[in-house]
2 protein chains.
Amino acid sequence: MNIAILLYDGFTALDAIGPYEVLSRLPGASVTFVASEPGIKWADTRMLGLSADCALAQLPAPEIVLVPGGPGRATAAVDERALDWLRGAHATSVWTVSVCTGSLVLGAAGLLEGVRATTHWGTMDELAAYGAKPVAERVVFDGKIVTGAGVSAGIDLGLTLIARIAGDAVAQTVQLAIEYDPQPPFAAGSPRTAPPAILELARANRRRRAIDLS
Amino acid sequence: MNIAILLYDGFTALDAIGPYEVLSRLPGASVTFVASEPGIKWADTRMLGLSADCALAQLPAPEIVLVPGGPGRATAAVDERALDWLRGAHATSVWTVSVCTGSLVLGAAGLLEGVRATTHWGTMDELAAYGAKPVAERVVFDGKIVTGAGVSAGIDLGLTLIARIAGDAVAQTVQLAIEYDPQPPFAAGSPRTAPPAILELARANRRRRAIDLS
């Protein structure tokens, strides 16, 4: 199965690497990192570079197309080459996938009109502007479009998708291979569970981060 | 806080990127990916290249040194430049950290003698050869040495470490930022919880993967 992961400067690394780590273990999977301009793409921290080895035109019809999120998604959402490629890839894909604010790039490509979809909790109100039906769930399937919540949700998404594609046993074997037996030290990973003071701190950090990167 | 993550060809990407994503959000953190030979380092799938921007000699004394695991760890464990650097970095580090089979590289550097430590469930029996005291826990602290279980455990490790360094509120804020509210689709992430047939499949895959990469 050919899997294309779209990179752009300012992506959030775990958005891409969580599902990569899972989906690359699907038997027969071939994962390619693509970009409008191939080369090193820098993560949002500017401390990590990933190699996007392939130009968009080289992989016009992946079976799975995946878009990670990150502060750079604002630029990706106005990159007409990326949006054109996404529209073309989606026309023939088996699954069209996003993690975190990658769904807003799918939205900018016009792919979420009337679609139930999710995103990072901090940007849920932006989804509706693209005609999507926002859903505060961790992994959302609507036809062949699969969207995940913030950053770390791509691991749950990847495993759920493998179960759909290859069955529960394959997904469970991958889960065991990556020892995904999560034991978060706190119950603070969602606005539903985080203490109010933590939610306020996280919101302030998001605003500051957006300013730093603008 | 200066954080150095050691890369080598054949590392497992999520081993490195899980804790990177968490620790890079520690206020004041500076993360650098280092390698014996700087340049693109290929993950174990050979489908993903990360840029190791810095030679070992350029960062002799990071405050946190972190070693990911992966099938390439067998080569890393006989790379005298990497082992020398690890011994030097450990001498002055605040925290010396591994994820997954990265602990076996720490062991090869002679850093685990008498130390309580963990690794991927599939390699637990190799730890004792380095004089370590194997512990089947997700995150293990022994003095300044912190070891994590397989692949995805680096996220739990990173959050636990931030709590020790900067307090629970900072760790909770990072957990919320990455929306780490895990909802694995199965209870198959540990040999304790996986069905026996899945454990046997995962063991067979590990043997095949080791042959493929040898």
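Below or above, wherever it landed, is the structure these notes cover. This is a predicted model, so every value here is computed, not measured.

The subject of this paragraph is the packing of aromatic side chains. For any pair of aromatic rings, geometry is given as the distance between the ring centres together with the angle between the planes. One pass over the structure, following the stated rule, counts four aromatic pairs over all chains. Seen from their ring centres, A:Trp95 and A:Phe141 are 5.8 Å apart, and the 90° between their planes marks the pair as edge-to-face. Taken as a pair, A:Trp95 in strand 7 (residues 95-99) and A:Phe141 in strand 10 (residues 139-142) lie far apart in primary sequence, 46 residues in all. The exposure class of A:Trp95 is buried, given its relative accessible area of 12%. Judged by its relative accessible area of 16%, A:Phe141 is buried. For the pair B:Tyr20 and B:Phe33, a centre-to-centre distance of 5.8 Å together with 50° between the ring planes defines the contact as tilted. Of this pair, B:Tyr20 sits in helix 1 (residues 13-23) while B:Phe33 sits in strand 2 (residues 30-35); the two residues are 13 residues apart in sequence, bridging distant segments of the chain.

Okay, the side chain of A:Ser190 next. Tracing the chain through its elements places A:Ser190 in the loop between helix 7 (168-177) and helix 8 (196-213). Of note is the side chain of A:Ser190, whose polar atom sits 3.0 Å from the backbone nitrogen of A:Arg192. Beyond its immediate stretch of four places on either side in the chain, A:Ser190 contacts B:Leu176 and B:Asp181.

Most of helix 1 of chain B is tucked away, with 11 of its 11 residues classed as buried. Those residues of helix 1 of chain B lying buried are B:Ala13, B:Leu14, B:Asp15, B:Ala16, B:Ile17, B:Gly18, B:Pro19, B:Tyr20, B:Glu21, B:Val22 and B:Leu23.

Here the focus is the packing of helix 6 (residues 153-166) of chain A against helix 7 of chain A. Any two packed helices are characterised by how steeply their axes cross, that is the angle between the axes, and by the distance between the axes. Residues and elements named next belong to chain A. Where helix 6 meets helix 7, the closest approach of the two axes is 7 Å, and the angle between their N-to-C directions is 145°. Between helix 6 and helix 7 lies a crossing whose hand is right-handed. Judged by residue contacts, Leu159, Ile162, Ala163 and Ala166 of helix 6 engage Asp168, Val170, Ala171, Val174 and Gln175 from helix 7. Residues that form the contact of helix 6 with helix 7 fall into these classes: seven nonpolar, one polar and one charged.

Looking now at the sheet that holds strand 10 (residues 139-142) of chain B. Residue and element names in this part refer to chain B. Pairing is mixed across the open sheet formed by seven strands, whose spatial order is 5-2-1-6-7-11-10. Here the strands that pair on one side only, and so sit at the sheet edges, are strand 5 (54-55) and strand 10. Alignment of strand 7 (residues 95-99) against strand 11 (residues 145-148), held across four bridges, turns out to be parallel. Following the sheet pairing, serine 98 is matched in strand 11 by threonine 147.

Next up on the list: the pairing of strand 2 (residues 30-35) of chain A. All names here are of chain A. Among the six residues that make up strand 2, five are buried, leaving the element largely enclosed by the rest of the structure. The sheet contact formed by strand 1 (residues 2-6) and strand 2 spans five bridges and is parallel. When the sheet's bridge partners are listed, alanine 4 is paired in strand 2 with threonine 32. For the crossover that starts at strand 1, traverses helix 1 (residues 13-23) and ends in the parallel strand 2, the hand is right-handed. Here two bridges tie strand 2 to strand 5 (residues 54-55), and the two strands are oriented parallel to one another. Directly across from valine 34, in strand 5, lies its bridge partner cysteine 54.

Residues and elements named next belong to chain A. Overall, mixed pairing links the seven strands, which are arranged 5-2-1-6-7-11-10 in an open sheet. The two strands at the open ends of the sheet, each matched to only one other strand, are strand 5 and strand 10. Bridge count for strand 1 against strand 6 (residues 64-67) is three bridges, and the pairing is parallel. In the sheet register, isoleucine 3 faces strand 6, and the bridge partner there is isoleucine 64. Together, strand 6, strand 7, strand 10 and strand 11 (145-148) form the strand contacts of helix 6, whose direction differs from that of strand 7 by roughly 165°.

The rules behind each value
Residues numbered from 1 in each chain as written. Chains lettered and ligands numbered in written order. Predicted model: local features only at pLDDT ≥ 70, side-chain atom pairs only at ≥ 80, totals over all residues. Heavy atoms only, no water. Phe/Tyr/Trp six-rings, centres within 6.5 Å; stacked < 30°, edge-to-face > 60°. Helix = DSSP H or I, 4+ residues; strand = E, 2+ residues; numbered from the N terminus. Buried < 20%, exposed > 50% of the residue type's maximum accessible area, 1.4 Å probe, protein only. Polar contact = N/O pair within 3.5 Å; in protein donor to acceptor, adjacent residues only side chain to side chain. Contact = heavy atoms within 4.5 Å. Axes fitted to C-alpha atoms, helices over the stretch in contact; angles between N-to-C directions. Left-handed = near helix turned anticlockwise from the far one by under 90°. Nonpolar A, V, L, I, M, F, W, Y, C, P; charged D, E, K, R; others polar. Pairing = 2+ DSSP bridges. Right-handed = clockwise from strand over helix to strand, strands pointing away.

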